[in-house]
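Architecture at a glance
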Amino acid sequence: MEKSIYKYILRHTKKDQVYLVLLTLASMPLVYYSLEIPKLIINKAIGGGAGLFEVFGYEITQVQYLLLLSFLFLGLVIINGGMKYIINVYRGVLGERMLRRFRYTLYNRILRFPLPHFKNVSASEIIPMVTAETEPLGGFIGDSVALPVMQGGLLVTYLSFIFVQDFYLGLAAIALYPPQVYLIPRLQHKVNQLSKTRVQKVRKLADRIGESVTGIADIHANDTGHFERADISRRLGGIFGVRNEIYRRKFFIKFLNNFLAQLTPFFFYSIGGYLVLTNELSLGALVAVLAAYKDIAPPWKELLKFYQITEDIRVKYSQIIEQFAPDGMLDAKLLEAPAADATQPASPLTGAMRANRLSYAEDGVARVDAFSFEIDADRHTVILSRDGSAGDELTQLLARLLAPTAGSLSIGDADLNALPESVTGQRIGYCSATSRLFNASIGDNLYYGLKHQPQVGDGDNNGAGVDKNTAAARKTEVKESLASGNSTQNIDADWVDIGLSGAADADEFRRIVLDIIECVELDDELLTLALRTEEDIDIPERLAGEIVTLRGALTEQINHIESGALVEPLDPDQYIHNLTVEENLLFGTPKNRVPVADFLAVNPLVKRILDSSGLRRDLAEIGLELAGLMVELFSDVPDDSELFEQFSFIKADDLPDYRRILSAAGGVAAGDGGDDKTGDKTANIDALNPQQVARLSAVSFQLCPARHRLDLITPPVQAKVLAARKQLMDELGADNAQIRFFDRNRYNPGMSVQENLLFGRITYAKGHLQPRVTETIKNTLKSTGLDREIMLAGLNCPAGAAGSKLAPNAQQKLTLARALLKHPDILIVNNILSGLDGKSFARILDRVIARRAGRNLTWALNDPALAAKFQQALVVEKGKLAHNDSPQALAESLENM
Amino acid sequence: MVVHKEAMQLKQVPLLSSLDSKQLKLLAFTCEVFDFADQDYLFHQGDASDCVYVILEGETEVVGQDADGMPVLLATSGANSLVGEMAAFAGGVRSAGVRARGAVSALSIPNQRFVELITTNPQVAMSVLQDLTRKLAETSKLVAKLQDEIETRKDN
């Protein structure tokens, strides 16, 4: 990257800057004329006296002349404004493009950072550098050339005018420029250094806050809130101190500038006045010079301000790029795809892996000390490191995630460290306990290792049915990306290269995916997730039909667990006690996937039904009792308590509002120990305005009798809800655009697959039997063969941030599956699944070994008892290669010891 | 309201009797109540512990395993008693199973809530301590008795 921001700007925007300067210069005569014409209007058209005026050979009257000049002035104003608009937009676009380019370059460099560098810098330090700190650069880049040209030009023009009037006054006008030019940069230099310190301090602060966020549980568990606050206070104080100093110096510079600017008129008045008195200068000339000097001030001020901004930006730029040029960055060429045909998969790596005095040191400590070994392409090798040392480094060296500090590592004839990432990343698989899952669907995470390039060109030919608007938008996107030096590849394209997995077609790919999921024993968890998730996981139509068909048989199976009360069926003629009031009313799911409460709140038909049936009033009365109970129960609960989130009908922030509503209603509240203390509810509701009544009814919408165990939904209210439900269904009809009603003969994508299968809710009182219900469903699905199809749909479940929706072991299983799916020539597994019990681990290990028969598998683990499953054993102890032989030989040597 | 009745019943649970009615109502409102059929397990020995149960109605049996893995009845507990609290403290797995003898209704308090109750209410903590001490004393007596028995058998 260019060391100076000007070099960077010129390299990428030379043409644009020239264009901008030309535009600016072209606008100057127009500015001049827009000043000249008013003078003509006043002096000639108005002050010139009556008579005829000659314009381009035509004689016109004074009024016509005045109008001509006035319209000319108006025309110039419009043209000037238009020019300014064009220049400003051009500057803005230029700046933003460069900002986009700069951020993209920085991100690119992050991808090239050597892995150990991330031990020294944290995400919370890097992120603001790419996002917030680069922000002012965009504005500056547009101004960087055009502004000094424009303001400098104006300054030179005005100064020339003064010099023409009187040489000595000209000298007086610029007499104070040299001290300003000398002093200001020196003062500014100190401010720059302080700015640098400030930026560093803010970065550190961001880092510490980031640590507090990630370590929040430890702060609470150790009661170190005071300690942490003291630390943050010290850091904030440090930033305050620096800023304070910056302000004092910055405003001193401002003071100095203002003072010097006012000192010049002092010279004009005293020296100029003296010259006028001694008749060496005319009064008119002095007045003209004073007027011209007034015009000099703004461009000079602008130039000084620009200088200050330039300095500020220069510091910011150099500070940012310093952080993005660590030692040992991956060669940019290795990161780029081979130019020939990027859409073709990389050719396989063949031959044995050979390490020759392979070494890796960190902070001067040898972690891998001169290892020499050979691993055959089709061998299964175990790396044992009992003291936990070097397993990480050795496996990462083999996966080319680390670069050796000495020695060499080759595969066949190729030097591993000279291979492009398109080869290593496609042909070598690596997973470890810290392998990351992304916040996307489980499937997206599983296929992550297959997404090297868009599958059809840049993905733009993908899907023949792309409409005109999309195609045009995509064209603009590509054009802009090119202008900013960004990637032009289409993120919406199909990136999954199923061929890498060894599959010939989509059907085979699905089979391989399911086999791998079973291989790593992720099937059970995936099926559970697919069954229980509330997300719409795109169940194919045929499968949906089969699920509906299965409902009857499954109800029988469930009755075997416990007959009767286990599942409450979704009967359209019954009030369902395990649904909330709003779910009972809607008796379906909104088609636009908004939450039921939001749907009900805005739907005019629902509003009408609620009001005409009197249900709103009943619900408001119940809401009044509920609000009273919530105020009573939750008033002492801290606002940030999880209890609010999980159980309260009213958010912590809204509690005071409901207190007011309660007091407006006469302070009647449920609670204080009795069912009978509700008083005259009708009178209370009447005291409230319609908005308050609506809020109270919204509270009771969330009530679920079976879950909350509050006998508030009485049989008459239930009957009204049923009548309202019926009216809603009748008025909308079964096939409407808004609600998908619960229908025994139809699949409902708004419900989980499990609820679709049960066509009912597991009762809250039998919630403890949920696992057995799920187990029964799974067995039924397995017997019908539908489990694999549902699992495939389950891949659409979101994995959550960092895979948080999956248990830690399942997360690691998924990363192992991801590495297996790309069917790499070399598969390196680094100490994964250590949280599993020994039996399960050994079982998965056996399956993976079987799956990798005839292909390389290199697995780092700690238990020597498992070594016998492999053909070769490397033992690492304290950074040295202590053993490289067959596992049998290792076992013998261990016995001898 | 049912929650009020449950709160009044929780007052009868010795460990929770020192809580005021508002705290008990909040506890009842924020916990689930499960209905167990006869011989249904509340939890099995070796299960990961996630909650403590307060028996609201019915009777439960504490079941261990003998050397051959066969179930052995260790104790019974009736209404207003607390079960599963040991694992909540130890944070591990259930040391014994508990199953319903006849129909049982039980309030399930998540471990985290239970520990919170104890740490924020010294009276509750004291009661828990007394209860555990009593259980420890009973176990010690049993151990002493078993040792005696072993000695006698050896002598014979």
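Residues numbered from 1 in each chain as written. Chains lettered and ligands numbered in written order. Predicted model: local features only at pLDDT ≥ 70, side-chain atom pairs only at ≥ 80, totals over all residues. Heavy atoms only, no water.

In terms of regular secondary structure, chain A is built from 35 helices and 16 strands. Counting every position in chain A, which comprises 897 residues, the buried fraction comes to 46%. Of the contacts formed within chain A by residues at least 6 apart in sequence, a portion of 75% connects residues at least 24 apart. For chain A, the accessible area works out to roughly 45,000 Å², and carbon and sulfur atoms hold 56% of it. (Helix = DSSP H or I, 4+ residues; strand = E, 2+ residues; numbered from the N terminus. Buried < 20%, exposed > 50% of the residue type's maximum accessible area, 1.4 Å probe, protein only. Contact = heavy atoms within 4.5 Å. Areas by Shrake-Rupley, 256 points an atom, 1.4 Å probe, with all protein chains shown as cover.)

Within the element layout of this structure, A:D492 appears in the loop between α16 (468-483) and α17 (506-519). With 38 residues separating them along the chain, A:D492 and A:P454 place their C-alpha atoms 8.9 Å apart.

The subject of this paragraph is the side chain of A:S484. Inspection of the secondary structure puts A:S484 in the loop between α16 and α17. For A:S484, the contacting residues outside a window of four places in its chain are A:R97, A:R100 and A:R101.

Every contact between the two is made by 31 residues of chain A and, on the other side, 21 residues of chain B. Both sides of the chain A and chain B interface together cover about 2,200 Å² of buried area, and 59% of this is carbon and sulfur. Of all residues in chain A, the largest losses of buried area upon contact with chain B belong to A:L633, A:R709 and A:H768, amounting jointly to 32% of the total for that side. Residues A:R709 and B:E6 are paired through a salt bridge, measuring 2.7 Å at the closest nitrogen-oxygen approach. The element contributing the most residues to the side of chain A that touches chain B is helix α23 (residues 615-634) of chain A, with six residues. Here the residues of the side of chain A that touches chain B sort into 14 nonpolar, seven polar and ten charged. (Buried area = accessible area lost by both parts, 1.4 Å probe. Salt bridge = Lys/Arg side-chain N within 4 Å of Asp/Glu carboxyl O. Nonpolar A, V, L, I, M, F, W, Y, C, P; charged D, E, K, R; others polar.)

What follows concerns the pairing of strand β6 (residues 97-110) of chain B. Residue and element names in this part refer to chain B. Burial within β6 is extensive, with ten of its 14 residues counted as buried. Bridge count for strand β1 (residues 32-36) against β6 is five bridges, and the pairing is antiparallel. Opposite V33, over in β6, you have L107 as the bridge partner. Strand direction decides the pairing type here: strand β2 (residues 41-43) and β6, joined by two bridges, are antiparallel. Pairing of Y41 across the sheet is with R99, part of β6. (Pairing = 2+ DSSP bridges.)

Residues and elements named next belong to chain B. Per-residue pLDDT for chain B averages 88, and the proportion of residues at 70 or more is 99%. For chain B, helix α3 (residues 85-90) is the element with the lowest average pLDDT, namely 80, and β6 is the one with the highest, namely 93. The ipTM, which scores confidence in the relative placement of chains, is 0.84 for this predicted complex, and the corresponding pTM is 0.80. (pLDDT = per-residue confidence, 0-100.)

The next thing to look at is the nonpolar core. Membership of the largest hydrophobic core comes to 80 residues, with the highest contact counts inside it found for A:L816 and A:W859. Broken down by element, the residue count for this core peaks at eight residues, all from helix α19 (residues 541-561) of chain A. Setting aside anything within four residues of it in sequence, one finds A:L816 in contact with A:C431, A:V520, A:V829, A:I832, A:L833, A:I844, A:V848 and A:W859. Grouped together as the second largest cluster of nonpolar side chains are 78 residues, A:M630, A:V699, B:L16 and B:L19 included. (Core = buried A, V, L, I, M, F, W, Y, C linked by side-chain atoms within 4.5 Å.)

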